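Descriptive analysis of the structure
One-letter residues, chain by chain:
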Amino acid sequence: MIFYIARRLLLAIPVLFGISLVAFALVRLVPGDTATVMLGMQYTEARGEQIRAEMGLDQPVPVQYAIWLSRALSGDLGQSGFTGQPVTRALRERLPVTLQLASSAVLFALVMALPLGMMAAVNRGRWPDHLAMTVGVAGLSVPNFWLGILLILLFARTLGWAPSGGFIHLFEDPVGNLRTMILPAFALGLAVAAVLIRTMRASMLDVLGQEYLRMARAKGCGPLRLYGVHAFRNALVPVLTVLGIQVGYLLGGSVVIESVFGLPGIGLLALEAIRNRDYVLLQGVIVFVGTAFLLINLTVDLLYAWVNPQIRYG
Amino acid sequence: MVDSFRHAGQPLCPHPSAVAGLVVLSLLGLLALFAPVIAPYDPFALSGNAMLAPPGPDHWLGADQLGRDLLSRLLYGARISFHVAVLSVGFALGIGTLAGGIAGYVGGWIDQVVSRCVDVLFSIPDILLALAIMAALGPTLNHLVLAIGIVYTPIFARIARGAVLDLRHADYIEAARSIGSSPAAILYRHVLPGILGPLVVQTTLSFAFAILTEAALSFLGLGVEPDQPSWGILLNQGKDLMERAWWIAVFPGLAITLTVFCFNLVGDGLRDALDPRVRAEKRA
Amino acid sequence: MTRLHWIWCPAVFLVLAGCSRNADPVPVTERDAARSRTNELIVAIQSDAKTLDPHLATDAASMRVIENLYDTLLTYGSAYGTLEPGLARSWTLSDDGLTYTFQLRTNACFHHTGRPVLADDVVYSLDRMRSSGARSSVFAPVSSVTAPTPHTVIVTLTTPLASLLAHLAHPMSAVVDREQVGAGGLKRADGGSGPYALIEWKAQQYARLKAADTAPASLRPRVPFLTYRPLPDETARTTALRTGEVDLLLDVAGKDVQSLQQVPGIVVESQPGTFWEYIGLNCTRPPFDDIRVRQAVAWAVDRDLINQLVKFGRATVLDGGPIPPNHWAYAPFTMYPARNLERARALLAEAGLADGVDVELLVSSDFPYQVKAAEVIKQLLKDINLRVTVRAMESGVFFHALGQKDFTMTLVGWLGFVDPDEWLGLLFRSGALWNQQGYGNPEVDQLIEQGRSVTDRAKRQDIYRRAQEIVALEAPMVFLYVNERTSAHLADVKGFVNHPTVTTLSLRETWLDR
């Protein structure tokens with residue numbers, strides 16, 4: 001086990017290195033640079049060179065990479081070429097929004113998926129099962145940005161129950177904050193819910209077929225206790241694992257959802273960085289998101305190995 | 001394992017939803033293919049009179065702000081969606097399977113390199129990676145195919161590698177090796193059929209994701225050229241007109257949802273038929 | 001004779017308010033407790049400000065936030081085209097038209113440092129604008145700026161410049177606090193002395209301002225708190241106004257005007273604006289290096305149809321010169337009365353392009369209405385065999401490409417402010433910074449020079465009419481339309497002036513009837 005953990009951690013190092021390389025290389029391919037965007041129509045060679053020199057963009061690319069990497073290792077992702085703000089500060093400012101969005105989406109997905117999945121498994125082959133499975137496929141098929149637009153049309157425009165965009169900070173106005181978060185969390189969470197419904201159903205079916213549950217039933221265990229406690233608890237492990245895998249979807253999907261709802265999170269930050277050709281910032285976002293994703297997956301894998309010691313540590 | 005694909009035809013039949021999905025998809029494919037014949041209007045033809053015309057006898061699904069027929073635009077949009085999906089998934093399937101298959105079969109440092117590359121690509125969320133690639137290349141149809149193709153390559157590489165690793169030590173392959181079959185022959189005759197099942201399932205599901213990703217990127221303005229009637233672009237144009245013309249935002253979304261839904265149904269059916277061990281796994 | 005240009009002095013100037021340092025910032029919680037919907041005006045803007053440095057800002061959102069933080073020597077009057085005193089309470093122009101002398105008011109103080117605004121600061125700011133600012137080119141004829149006394153500034157010109165005062169009144173010709181420039185720059189900080197002071201700018205969430213304690217009582221705004229909220233989505237903006245989340249929308253799209261007018265409790269104000277749009281044709285590149293091909297485009301475009309489809313018919317079509325009818329330099333002539341395909345085809349045939357040619361039309365994806373207009377133009381030009389490909393880029397890269405003349409055909413707009421030189425001189429003079437079309441005509445150059453140095457308005461009118469006629473005929477730009485300027489606000493917002501130039505300076509006199 002310890003060997004497994006050590007091996008996984010060691011393997012993560014070249015991947016992290018790779019992420020930084022991909023981020024750096026991709027961003028260098030983007031046509032136009034911060035200097036051209038900052039100066040726009042007032043661009044002249046001399047002033048462009050001046051800005052590039054200030055930002056170190058006049059160095060050879062490998063040198064730029066080495067400098068950037070050595071700073072990144074000490075936790076300094078550089079300064080946004082556009083606003084002059086340190087990238088880490090921009091990330092720190094934006095992270096709470098994305099975290100709140102993602103966790104609200106997960107919460108919504110769990111609340112929806114666990115009962116539906118369980119209901120489907122218990123009533124296998126009957127209408128609740130078909131309903132749950134239809135939601136399970138449909139939820140994966142609806143584009144989240146379209147869902148967002150429809151939600152705005154219905155709840156914000158027509159009914160006026162929720163604001164149609166913008167963000168209010170949690171500590172500033174908790175009620176207002178929740179109102180701005182409900183629709184985007186639903187739009188983002190539906191696809192996760194769909195996956196979880198299917199997982200929950202499958203794993204519940206697995207559990208229901210197992211020996212100890214039949215024993216419990218034979219011993220006269222009531223259905224509530226039987227399904228609600230014994231089966232549910234055991235069916236949860238694969239659901240949580242799959243949830244870990246969904247983090248990638250949540251991080252990617254938040255780019256689109258934050259753009260639809262105007263939420264100032266990491267996703268919108270990435271789009272702004274692309275729009276402003278803000279090399280340093282875009283690099284920072286990709287590296288940050290990639291690292292976070294990698295670490296979360298690693299944690300999930302390790303937890304999974306810990307819960308299920310019999311799996312093969314490939 | 002080898003047999004599983006041969007039975008593909010039979011087990012699909014008990015899946016009426018998968019069959020229905022396949023039928024609808026074929027229909028959509030035909031509509032897309034014959035869009036120039038079927039479409040009632042030129043999808044680019046402007047009309048001052050038809051500006052924001054609601055659904056009616058002249059324009060079944062209404063018209064957009066520039067008076068262009070929405071149905072015709074949706075039909076042409078289907079061509080873009082299918083074009084991008086087929087080519088990008090084809091790219092991912094080809095490159096991914098090749099890289100993964102070789103890595104699994106050869107092993108050693110090649111395997112290490114391929115696996116780490118796959119890990120790296122996996123560690124950047126799909127949409128973000130595709131966005132960054134599109135920003136680097138610029139929004140055109142071909143670049144979009146490439147970007148989505150790159151994003152979905154690692155999943156195929158991983159499947160192919162895993163399947164090849166499983167098969168490498170299977171008895172019948174050992175046997176083929178011992179009677180002196182060349183590695184190419186072994187790959188083609190024995191390994192390929194063995195990994196076909198999971199690949200077919202993944203390909204079908206990837207079509208669904210590719211269509212969604214194409215729409216999302218075009219919606220964000222980093223997909224196809226802005227004057228193309230891609231479903232994502234239609235949605236983007238509809239979003240600002242929702243109140244006056246709900247149809248522009250609603251029908252393209254329905255089209256995407258229906259197509260993706262059908263691909264998902266077929267994919268699920270195929271998975272149950274070909275690969276019963278795999279249940280709801282990575283879907284992102 | 002010395003042309004005295006003394007402007008009336010409001011009683012304000014008699015009051016010599018001292019400056020007090022505004023050093024200890026009020027704790028955030030206390031500030032927020034003081035804020036409520038009765039004393040805070042919330043303005044929705046289309047995107048977040050990019051910078052708060054007035055001398056670098058070029059985007060509308062940044063300008064909206066900046067203009068109320070800073071003072072300028074002169075300001076725009078509420079009637080379009082008029083100028084009023086700002087930091088300068090009076091000014092004189094020497095006989096030869098080369099020396100302006102400004103007298104500053106003595107009661108202005110910088111927010112951050114509490115220092116009084118002195119002539120040295122004006123000199124510093126003008127030098128900063130001239131050397132590196134976004135609008136340095138308009139001040140090119142300025143040879144020196146000096147401060148003989150703490151409240152006197154002298155601007156010396158190499159050639160007469162009739163538009164100098166208008167340029168100085170541009171909201172971004174701000175006087176900045178040099179200590180703040182040294183202490184961390186102006187990109188994210190407030191180095192101004194204007195009626196409002198910055199409390200906090202949170203990226204993509206809000207920029208919050210409060211009435212500056214340092215402003216003299218009579219110039220202090222009536223609403224204590226002013227908040228700008230970026231809402232990039234058009235639908236989100238109009239919804240926010242309907243639900244009362246925001247008080248004021250600055251740019252209402254044509255499609256929303258009608259529906260907002262029907263909402264009780266919302267006031268919609270429209271008038272012809274100064275933002276006009278055009279097709280830019282690169283005169284240095286084939287096929288548009290041939291004047292006949294440019295004219296063919298001008299004849300083939302159906303301006304009324306584009307206006308109808310893209311602007312919901314709410315813009316004013318420009319079939320002559322670019323200066324709109326609400327401006328004193330408007331030239332009432334018509335060059336392209338209606339779409340004329342025969343003429344367009346004949347011109348193309350003359351140019352040897354009867355079989356047509358492929359061209360790329362570059363637009364910015366950040367302006368969806370321009371992408372739509374580009375789609376219409378693509379279809380219209382198909383009729384004369386000009387096969388157009390539309391290519392969209394993010395605005396930053398787009399404007400860079402324009403600046404480098406790296407395009408064949410573009411569709412973009414220009415926000416004219418007050419002086420005709422800002423409409424013509426910056427765009428059509430040979431080698432001018434904003435002349436991306438690479439257009440050059442010695443006669444136009446000469447007319448523009450004359451227009452700058454002549455101060456008589458009637459004479460300038462003639463000069464600019466002639467210049468507009470030539471430019472419209474030679475078509476480096478195909479003028480399309482000038483947009484309506486529409487703002488919408490809640491009915492209890494009083495005293496806001498919907499200015500053609502989009503400036504929001506009148507917010508300092510706006511009040512809430514709550």
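Now for a quick tour of the structure. (Residues numbered from 1 in each chain as written. Chains lettered and ligands numbered in written order. Predicted model: local features only at pLDDT ≥ 70, side-chain atom pairs only at ≥ 80, totals over all residues. Heavy atoms only, no water.)

Concerning the overall build of chain B
The helix and strand inventory of chain B stands at 12 helices and zero strands. Starting at the N terminus, the α and β elements of chain B follow one another as α-α-α-α-α-α-α-α-α-α-α-α. When its C-alpha atoms are laid out on the principal axes, chain B stretches across 75 × 45 × 30 Å. Here chain B holds 284 residues, and the buried ones make up 59% of them. A sequence separation of at least 24 residues applies to 72% of the contacts in chain B between residues at least 6 apart. Surface exposure of chain B reaches about 11,100 Å², of which carbon and sulfur atoms provide 68%. With 17 positive and 20 negative side-chain charges, chain B shows a spacing of 7 Å between the two charge centroids. (Helix = DSSP H or I, 4+ residues; strand = E, 2+ residues; numbered from the N terminus. Buried < 20%, exposed > 50% of the residue type's maximum accessible area, 1.4 Å probe, protein only. Contact = heavy atoms within 4.5 Å. Areas by Shrake-Rupley, 256 points an atom, 1.4 Å probe, with all protein chains shown as cover. Lys, Arg positive; Asp, Glu negative; His and termini not counted. Charge placed at Lys NZ, Arg CZ, Asp CG, Glu CD.)

Observations concerning the pattern of salt bridges
Taken as a whole and assessed by the stated rule, the structure comprises 42 salt bridges over all chains. A salt bridge links aspartate 64 of chain B to arginine 73 of chain B; the shortest N-O distance between them is 3.6 Å. Across this residue pair, the class does not change: aspartate 64 of chain B and arginine 73 of chain B are buried. Taking the shortest distance from any N to any O, the salt bridge between arginine 208 of chain C and glutamate 40 of chain C comes out at 3.7 Å. Of this pair, arginine 208 of chain C sits in strand S12 (residues 206-211) while glutamate 40 of chain C is found in strand S2 (residues 40-45), placing the two residues 168 residues apart along the sequence. When salt bridges with common partners are traced through the structure, they connect Arg115, Asp121, Asp177, Arg178 and Glu179 of chain C into a single cluster. (Salt bridge = Lys/Arg side-chain N within 4 Å of Asp/Glu carboxyl O.)

A few points about the pairing of strand S7 (residues 99-104) of chain C
Residue and element names in this part refer to chain C. Sheet topology note: the strand S6 (residues 88-93)/S7 ladder contains five bridges and is antiparallel. Following the sheet pairing, tryptophan 91 is matched in S7 by phenylalanine 102. Where S6 folds back on S7, the antiparallel hairpin that results is connected by five residues, among which glycine 97 adopts a positive phi of roughly 70°. As judged from the five bridges shared by S7 and strand S9 (residues 152-157), these two strands associate in the antiparallel manner. Note on S9: the bridge partner recorded for tyrosine 100 is valine 155. (Pairing = 2+ DSSP bridges.)

Quick look at the packing of aromatic side chains
All names here are of chain C. Counted by the stated rule, this structure contains 22 aromatic pairs over all chains. Arranged with centres 6.4 Å apart and planes meeting at 45°, the rings of tryptophan 91 and phenylalanine 102 form a pair that is tilted. Within this pair, whereas tryptophan 91 is found in strand S6, its partner phenylalanine 102 is found in strand S7, the two being separated by 11 residues in sequence. Here the two residues tryptophan 91 and phenylalanine 102 agree in accessibility, since each one is buried. Both rings, one in phenylalanine 367 and one in tyrosine 369, keep their centres 6.2 Å apart while their planes meet at 45°; by these two values the pair is tilted. Residue tyrosine 369 is classed as partly exposed on the basis of its relative accessible area, which comes to 27%. Against the face of tryptophan 201 rests arginine 188, its NZ or CZ located 4.5 Å from the ring centre. (Phe/Tyr/Trp six-rings, centres within 6.5 Å; stacked < 30°, edge-to-face > 60°. Lys NZ or Arg CZ within 6 Å of the ring centre and 35° of its normal.)

Side note on the nonpolar core
All names here are of chain C. Residues Ile279, Val297, Ile306, Leu381 and Met409 are the most contacted members of the largest nonpolar core, which totals 225 residues. Setting aside its immediate chain neighbours within four residues, leucine 381 contacts Val297, Ala300, Val301, Leu386, Val388 and Met409. If you look at the next biggest cluster of nonpolar residues, it comprises 73 residues, including Leu161, Val175, Val397 and Trp414. (Core = buried A, V, L, I, M, F, W, Y, C linked by side-chain atoms within 4.5 Å.)

Considerations on unusual backbone geometry
All names here are of chain C. Along the chain, proline 286 connects to proline 287 via a cis peptide bond; the corresponding omega equals 0°. Along the chain, the position of proline 287 falls in the loop between strand S15 (266-281) and helix H8 (291-300). Its identity is not glycine, yet lysine 405 carries a phi of approximately 55°, on the positive side. Relative to the helices and strands, lysine 405 resides in the loop between helix H12 (395-403) and strand S19 (409-415). Overall, lysine 405 belongs to the partly exposed group, its relative accessible area being 31%. Its identity is not glycine, yet alanine 475 carries a phi of approximately 50°, on the positive side.

Side note on the interface of chain A and chain B
At the junction of the two partners, chain A supplies 49 residues and chain B supplies 42 residues. Here chain A packs against chain B, burying approximately 3,900 Å² in sum over the two surfaces, 79% of which is carbon and sulfur. The largest contributions to the chain A side of the interface with chain B come from Phe145, Trp146 and Ile149 of chain A, which together make up 15% of the buried area. Remark: the boundary between chain A and chain B carries one salt bridge. (Buried area = accessible area lost by both parts, 1.4 Å probe.)

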